[in-house]
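Structural overview
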Amino acid sequence: MYTLRRWWERYSIQTALIAIALIGAWAIRATHGLFLVELYYWISYPFQPQASSEQVLADVQVAELQDRLLELEAQNQQLQTLLGYTSQLPEETISAPIIGRPPDQWWQQITLGRGSADGVTLGSVVWGIGGLVGRVTDVTPHTSRVLLISDPSSQIGVTVSRSRAMGYLRGQTGSKAVMVFFDKLPDVRPGDVISTSKLSQLFPSGLPIGRVESIQLDKSPAPEVVVKLSAPISSLEWVVIQSTQK
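All figures in this text were calculated on a predicted structure; none of them were measured in a lab.

Calculation notes
Residues numbered from 1 in each chain as written. Predicted model: local features only at pLDDT ≥ 70, side-chain atom pairs only at ≥ 80, totals over all residues. Heavy atoms only, no water. Pairing = 2+ DSSP bridges. Helix = DSSP H or I, 4+ residues; strand = E, 2+ residues; numbered from the N terminus. Axes fitted to C-alpha atoms, helices over the stretch in contact; angles between N-to-C directions.

Focus on the sheet that holds strand β9 (residues 193–196)
Strands sit in the order β6-β7-β8-β11-β10-β9 around a closed barrel of six strands; the barrel is antiparallel. With direction set aside, neighbouring strand axes in the sheet form an average angle of 40 degrees. Both strand β8 (residues 176–181) and strand β11 (residues 224–229) contribute to a ladder of five bridges, which runs antiparallel. Bridge assignment links Lys 176 to a residue of β11, and that residue is Lys 228.

Brief notes about the pairing of strand β10 (residues 208–216)
Alignment of β9 against β10, held across three bridges, turns out to be antiparallel. Looking across to β10, one finds that Ser 195 is bridged to Pro 208.

Overview of the environment of Arg 145
Relative to the helices and strands, Arg 145 resides in strand β5 (residues 144–148). For Arg 145 and Ile 98, which are 47 residues apart along the polypeptide, the C-alpha to C-alpha distance reads 9.7 Å.

And the structure:
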């Protein structure tokens, strides 16, 4: 007992320091370093400048206004581009915002904030900047639903603008579609423009759709090409509606 007491009197400080170090290491490991962050906060707190609640609220409001300004600038740029694109179309058109898009049908359909009260008719052609987007399949007085050309159920009569080789286009639930040719040996090259054909029953002829990205002439039962769609269907916010009625 005497020996133990003498050992404790000699090594008590070292033992206590080792115990503290072990406990500290365990705390750091258990809290992933949050213990040190919390300790630093309380040590440095008296030396930190204290902002009033009014100043904090004002800073938050300024940050929110800056974010809103950036969003409005982005929307304004899109609308200016859309207006410039609309001016090139031959007939009167209607600009429409996209107000609905089901996540599980992102490439199938969109809902527009324009309807029959704005002049939208069933079967109207819908454009995006760069090319064809789809057609109106349902109309209410203030909204309309659009079947996108990227929907697998969508089939459009199309042609190769350069060679006039014809076929039909089907959607692939993405930014690319597949053109299936009627001819067994079609004249087609990578980069060729694909547009709606005269045989299309749902769209006027000559509407640009996209460009040939890759070719599969040995595809059975008919040759196919992969077409990169011109319109940015995945990121649309505004579109242009063009009525098919004369």
